2 protein chains.
Amino acid sequence: MSARKLTFIPGPIEFSDNVLAAMSTPSQAHTSPEFIKVFQSVLIKTRKMFCSAAASKSQPFVISGSGTLGWDLCGSNLVNQGDNVLVLSTGFFSDQFANCLKIYTDNVEVLEAPQFGASVDFKQLESKLSATSYDLITITQTDTSSGVLTDVEAVAKVVKKISPKTLIVVDAVCATACETLKFDDWGIDYVLTASQKAVGVPSGLSISIASSRAMEKALQRPKPSSFFADMKRWAPIMQAYESGKGAYFATPAVQLIHALNVSLDELLAADTQTIDARVAAHKAASDSFKDKLVNQLGLKLVPVSRDVAAHGLSVVYYPENVEGAALLSKMAANGFTIASGIYKEYKDKYFRIGHMGVSAVGERKQELNECFEALKLSLSELGYQK
Amino acid sequence: MSARKLTFIPGPIEFSDNVLAAMSTPSQAHTSPEFIKVFQSVLIKTRKMFCSAAASKSQPFVISGSGTLGWDLCGSNLVNQGDNVLVLSTGFFSDQFANCLKIYTDNVEVLEAPQFGASVDFKQLESKLSATSYDLITITQTDTSSGVLTDVEAVAKVVKKISPKTLIVVDAVCATACETLKFDDWGIDYVLTASQKAVGVPSGLSISIASSRAMEKALQRPKPSSFFADMKRWAPIMQAYESGKGAYFATPAVQLIHALNVSLDELLAADTQTIDARVAAHKAASDSFKDKLVNQLGLKLVPVSRDVAAHGLSVVYYPENVEGAALLSKMAANGFTIASGIYKEYKDKYFRIGHMGVSAVGERKQELNECFEALKLSLSELGYQK
């Protein structure tokens, strides 16, 4: 057992030693040649992480903020008042995205999954898309509250077929580097993520990418609805840094961007051109962990089937007669911080364990096994038997 | 000379070893007891930094973002469409604040200082305040583009006398911990700052405080204009952490908040109840540095008189026959990154040296002397003689 509790919530995750060391990079001016080089490298690698080539004229953004800021970047740049927006909801985070977008247009519809733990129904989706002309649809690839994975490629195909003008937006906060996402190939218009999950960097960065079609809409807005979240102001800054020049709108988070540079190298290490190997590793780690939860411990997953179970975390019902707070506290005593539930009336019925980054697929991946053993021990200390 | 260039721009500044070490704090869950304790301590000390007692019912905010986000926090919470806003401008950053607020109301007036390097004219200010009923006035305490200090206490007195209902907002990004600011005593309604200047922490945090009067306006808004910048959503989160409980709206920047905790201890160290000693140290360091610039090197400061010269940086005209880019590049060769000008047609006529934090008033304060010597050497290498 480690000398300190390990953080196995679905973000912030455990960070690699090299990423943490980069957080202590001594001060650099945000327009110094030393920092420009690092930010340039980050933007180029961010494209690789999202599977988007520079030739597609997509626009990456790395901005101080949290994942939540990505919702406002979407709302305040890609949604005009009066726009019809369809939000696919598989949990708390999808619903919060809808709440954010309601600030920017009065016409936000939510298509809820038929039950907790399921993804949306494709027949309902097709009928919605046929009935209304949506300007924008949002997909929460992994809803961190339910652990439900939505098949972004399949949704995108349906949207392209029925309503090709609809902008496709993906909240990938808990999915990036865990789930496959081909930004260019699938014709996605905006993907937002954050630093503190499988990206492997302490919280504080909003990371996203917009398609040329999305940028066109953002740049044509008659009036901005935010200053800090205005893509029109950020795009030239990101373009300057990506081309190796400095520019100023707001001071970038120099140390976090250094840490992101290190982490992206780790994410792309196995195959410096793509994120595929990292995604595959997360899938394998997740499959194995879930198999053990189900087969060895007899636990029940919240996702209704394995094909809608996300790979960055496991969301699990408490077994009967095991009280939630007691299990979390036993786990803490046994060395691991795990997370409680967060969705509506279900929140006291399940817990969440994150398995992303260095502790799941990196140089400390044995920690995920240790977490499993700690769970087994904690349950048994609480009198649970399979 | 240090093995690396030292960052002597007006932010980001050089950071203390302990602050940098805190940036590498291993992962903690944002709702873990360990982190709650740290965030609680940060919020309590943030009040001390701003000279605001909890009894005043003011509300501190520490949010992932840059200083710029503070402008949107002001605009999207304290300015309603149609509000009359008066911006006192002493440079680029005041003007940008005005540009931000124009998103939130059509009625933004800018009272410009009569000349570059001066602060605003108080007769003009009084006449403006008498002619129009302003809902909000903004003061940029130190405009980082000109190095001009505006007397916030004096402006506040005039506002209180002529237009007591006007909310008083201070951009103290480059002033906090360098200049006196008594939030409660002077009746200020909102102060915004950022982590990377005299607060002494890497960039990535927006730090601000709102009065009970400001919060009343924010909480009464019929409809938010932003999600991420909505004080109504953030206030209960900050209140929970300050009272020692966890709460979730968006993931806080755990490592930056640890670093802020360490830095606030350093800022308040000489007198744990107030920031006064730190402010006095910055004033003394600035006075001595400026004396040497003027007396030993015969340079001319941009601020028209010493009573409007800010203490966190020195803004200095290039001497005749010294080319700006050449001086900056000599300074880099001699170990220091300093900053160019940034304001309109003056930008190629002056340079800026920051003197905040550990390198100016902390355990490495000899570095400010080394910076002066490097400047002397660089100028002489360029053929300049007093």
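Throughout this document, residue positions are counted from 1 along each chain, in the order its sequence is written. Following the order in which they are written, the chains are lettered starting with A and the ligands numbered starting with 1. Residue-level local features of this predicted model are given only where pLDDT is at least 70; pairs of side-chain atoms are given and counted only at 80 or more, and the full residue set underlies all totals for whole chains, interfaces and linings. Side-chain measures were taken over the full set of non-hydrogen atoms in the model, leaving aside hydrogen atoms and water.

Draft legend 1. Representation of the relation of the copies chain A and chain B. To line up the copies, we fit them by least squares on C-alpha atoms, keeping just the residues with pLDDT of at least 70 in both. Screw-axis analysis of chain A against chain B gives a translation of 0.0 Å along the axis, an RMSD of 0.0 Å, and a rotation angle of 180 degrees. Such values leave the two copies arranged in the relation of a two-fold axis. No C-alpha of chain A lies nearer the rotation axis than that of Gly65 of chain A, which sits 2.3 Å from it. A share of 100% of interface residues in chain A that are also interface residues in chain B marks the association as one of identical surfaces. A contact between two residues is defined here by any heavy atoms of the two lying within 4.5 Å.

Draft legend 2. Quick peek at the layout of surface pockets. Throughout, the protein atoms alone are placed on a 1 Å grid, and a set of points is a cavity if a 1.4 Å probe fits but cannot get out or a pocket if it is open with protein on both sides within 12 Å along at least five of seven lines; lining residues have an atom within 4 Å of a point. Grid points are joined across faces, edges and corners, and a volume is the space filled by probe spheres set on the points. The space that makes up the largest pocket amounts to roughly 690 Å³. Along the walls of the largest pocket sit 35 residues, with Ile9, Ala339 and Arg352 of chain A together with His30 and Thr31 of chain B positioned nearest its centre. Following the grouping adopted for this structure description, the nonpolar residues are Ala, Val, Leu, Ile, Met, Phe, Trp, Tyr, Cys and Pro, the charged ones are Asp, Glu, Lys and Arg, and the polar ones are all others, Gly among them. Residue composition of the lining of the largest pocket, grouped by class: 14 nonpolar, 16 polar and 5 charged. Thr31 of chain A together with Ile9, Ile338, Ala339 and Ser340 of chain B are, among the 24 residues lining the second largest pocket, the residues nearest its centre.

Draft legend 3. Structural context of the UniProt feature "modified residue: N6-(pyridoxal phosphate)lysine" (unreviewed entry) in chain A. All names here are of chain A. UniProt positions are given in the numbering used here, feature names are shortened, and annotations may be inferred rather than shown by experiment. The UniProt record annotates "modified residue: N6-(pyridoxal phosphate)lysine" (unreviewed entry) at Lys197. Counting through the fold element by element, Lys197 comes out in the loop between strand E9 (190-194) and strand E10 (205-210). The exposure class of Lys197 is buried, given its relative accessible area of 8%. Beyond its immediate stretch of four places on either side in the chain, Lys197 contacts Pro10, Gly11, Ile13, Thr144, Val173, Cys174 and Met356. A distance of 2.6 Å separates a polar side-chain atom of Lys197 from the backbone oxygen of Pro10. Starting at the N terminus, helices and strands are each numbered in turn, a helix being any DSSP run of H or I of at least four residues and a strand any DSSP run of E of at least two. Buried residues are those whose accessible area, probed at 1.4 Å on protein chains only, stays under 20% of the maximum for their type, while exposed residues exceed 50% and partly exposed ones sit between those limits. Under this definition, polar contacts are N or O atom pairs within 3.5 Å; protein pairs additionally need one hydrogen-donor-capable and one acceptor-capable atom, and for neighbouring residues in sequence, both atoms have to be side-chain atoms.

Draft legend 4. Examining the side chain of His258 of chain A more closely. Residue and element names in this part refer to chain A. The topology assignment puts His258 in helix H10 (residues 254-268). Exposure remark for His258: the relative accessible area of 11% places this residue in the buried category. A distance of 2.8 Å separates polar atoms of two side chains, one belonging to His258 and the other to Gln28. The contacts of His258, once residues within four sequence positions are left out, are Ala22, Thr25, Gln28, Phe35 and Val38.

Draft legend 5. Geometry of the pattern of salt bridges. Note on definitions: salt bridges are taken to be side-chain nitrogens of Lys or Arg within 4 Å of carboxyl oxygens of Asp or Glu. Here the structure, examined in full by the defined rule, presents 30 salt bridges over all chains. As a salt-bridge pair, Glu367 of chain A and Arg364 of chain A come within 3.0 Å of each other at their nearest N and O atoms. Arg364 of chain A shares its class with Glu367 of chain A; the two are buried. The partner of Asp348 of chain B in a salt bridge is Lys347 of chain B, with the nearest N and O atoms 3.7 Å apart. Among the residues examined, Lys347 of chain B registers a relative accessible area of 38% and is labelled partly exposed. Beyond isolated ion pairs, a larger network of salt bridges with shared partners links Arg4, Glu14, Arg364 and Glu367 of chain A.

Draft legend 6. Spatial organisation of the packing of aromatic side chains. Two aromatic rings from Phe, Tyr or Trp, using only the six-membered ring of Trp, form a pair when their centres are within 6.5 Å; if the ring planes differ by under 30 degrees the pair is stacked, by over 60 it is edge-to-face, and anything between is tilted. Per the counting criterion, the structure on display carries 34 aromatic pairs over all chains. Between Phe35 of chain A and Phe39 of chain A, the ring centres sit 5.6 Å apart and the planes meet at 45 degrees, which makes this aromatic pair tilted. In this pair, Phe35 of chain A and Phe39 of chain A are both assigned in helix H2 (residues 33-50), 4 residues apart and thus about one turn of the helix distant. Exposure remark for Phe39 of chain A: the relative accessible area of 1% places this residue in the buried category. Geometrically, the ring pair formed by Phe92 of chain B and Phe93 of chain B is edge-to-face, given 5.0 Å between the ring centres and 85 degrees between the ring planes. Since its relative accessible area comes to 12%, Phe93 of chain B is described here as buried. A connected cluster of aromatic rings, assembled from ring pairs, spans Trp71 and Phe97 of chain A together with Phe227, Phe228, Trp234 and Phe249 of chain B. Two thresholds decide whether a charge sits over a ring: the Lys NZ or Arg CZ must be within 6 Å of the ring centre and within 35 degrees of the ring normal. Over the face of the ring belonging to Phe372 of chain A we find Lys292 of chain A, whose NZ or CZ atom lies 4.5 Å from the ring centre.

Draft legend 7. Molecular detail of the interface of chain A and chain B. Listed by partner, the interface residues are 59 residues for chain A and 59 residues for chain B. With both chains or domains summed, chain A and chain B bury close to 4,200 Å², and 61% of this area falls on carbon and sulfur atoms. Area buried by chain A at its contact with chain B is led by Ser27, Ile103 and Phe227 of chain A, which between them contribute 16% of it. Taken together, the connections running from chain A to chain B amount to 2 salt bridges. Buried area adds together the accessible area that both of two parts lose upon being put together, with accessible area traced by a 1.4 Å probe.

Draft legend 8. Inspection of the sheet that holds strand E11 (residues 313-317) of chain A at higher detail. All names here are of chain A. Two strands qualify as a pair provided that DSSP identifies no fewer than 2 bridges between them. Read across the open sheet, the 3 strands follow the order E11-E14-E13; overall the sheet is antiparallel. Edge positions in the sheet fall to E11 and strand E13 (339-340), since each has one partner strand and no second. Summarising the sheet, E11 and strand E14 (residues 350-354) pair through 5 bridges and their orientation is antiparallel. Paired with Ser314 across the two strands is Ile353, which belongs to E14. Along the sheet, helix H11 (residues 276-296) contacts E11 and E14; its crossing angle with E11, the most-contacted strand, is approximately 15 degrees. Axes, fitted as lines to C-alpha atoms, cover a helix only where it is in contact. Angles between the N-to-C directions of the axes lie from 0 to 180 degrees.

Draft legend 9. Structural view of empty space enclosed by the protein. Scanning the model with the defined rule gives 7 cavities of 30 Å³ or more in all. Of the voids in this model, the largest cavity is the one considered here, and its volume is about 140 Å³. Tyr248 of chain A together with Gly67, Phe93, Val173 and Lys197 of chain B are the residues nearest the centre of the largest cavity, which is lined by 16 residues in total. With 3 residues, helix H3 (residues 67-78) of chain B is the single largest residue contributor to the lining of the largest cavity. A per-class count over the lining of the largest cavity returns 6 nonpolar, 8 polar and 2 charged.

Draft legend 10. Region of the structure containing the sheet that holds strand E8 (residues 167-171) of chain B. All names here are of chain B. Read across the sheet, 7 strands follow the order E2-E10-E9-E8-E5-E3-E4 without closing on themselves; strand pairing throughout is mixed. Looking at strand neighbours, the two that pair on one side only are strand E2 (59-64) and strand E4 (107-112), the edges of this open sheet. Each adjacent strand pair in this sheet contributes to an overall mean axis angle of 15 degrees, direction not counted. One ladder, built from 4 bridges, connects strand E3 (residues 84-89) with strand E5 (residues 136-140); its direction is parallel. Across the sheet, the residue bridging to Leu88 is Ile139, located in E5. Contacts from helix H9 (residues 231-242) reach E2 and strand E9 (190-194), with the element oriented near 100 degrees to E2.

Draft legend 11. Representation of unusual backbone geometry within the structure. All names here are of chain A. Cis rather than trans, the peptide bond between Gly11 and Pro12 has omega equal to -5 degrees. In this fold, Pro12 is placed in the loop between strand E1 (6-7) and helix H1 (17-23). The phi dihedral of Asn321 falls on the positive side, at around 70 degrees, and the residue is not glycine. The residue Asn321 is located in the loop between E11 and helix H12 (324-333) in this model. By relative accessible area, Asn321 is classed as exposed at 76%.

Draft legend 12. Inspection of the domain arrangement of chain A at higher detail. Residue and element names in this part refer to chain A. The split of the chain into domains comes from an automatic or database domain assignment. The domain boundaries assigned to chain A delineate domain 1 (6-14 + 275-381) and domain 2 (26-268). For domain 1 versus domain 2, the separation of C-alpha centres amounts to 26 Å. Surface buried jointly by domain 1 and domain 2 totals about 2,600 Å² across both partners, of which 62% is contributed by carbon and sulfur atoms. It is Ile275, Arg278 and Tyr343 that lose the most area in domain 1 upon contact with domain 2, and together they represent 24% of the buried surface on that side. The interface formed by domain 1 and domain 2 contains 2 salt bridges. Among the ionic pairs, Asp276 bridges to Lys182, the shortest N-O distance being 3.1 Å. Our enumeration of links across domain 1 and domain 2 arrives at 11 residue pairs in polar contact (both at pLDDT 80 or more).

Draft legend 13. Representation of helix H9 (residues 231-242) of chain A within the structure. Residue and element names in this part refer to chain A. The end-to-end C-alpha distance of H9 is 15 Å, a good match for the 16 Å that 12 residues give at a rise of 1.5 Å each. Structurally, H9 contributes buried residues whose contacts are with H2, strand E2 (59-64), helix H3 (67-78), E9 and helix H8 (212-220). A distance of 3.0 Å separates the backbone nitrogen of Lys232 from a side-chain oxygen at the start of H9, and that oxygen is part of Asp230. Remark: Gly244 follows H9 within two positions and exhibits a positive phi of approximately 90 degrees. Expected helix span is computed as 1.5 Å times (number of residues minus one).

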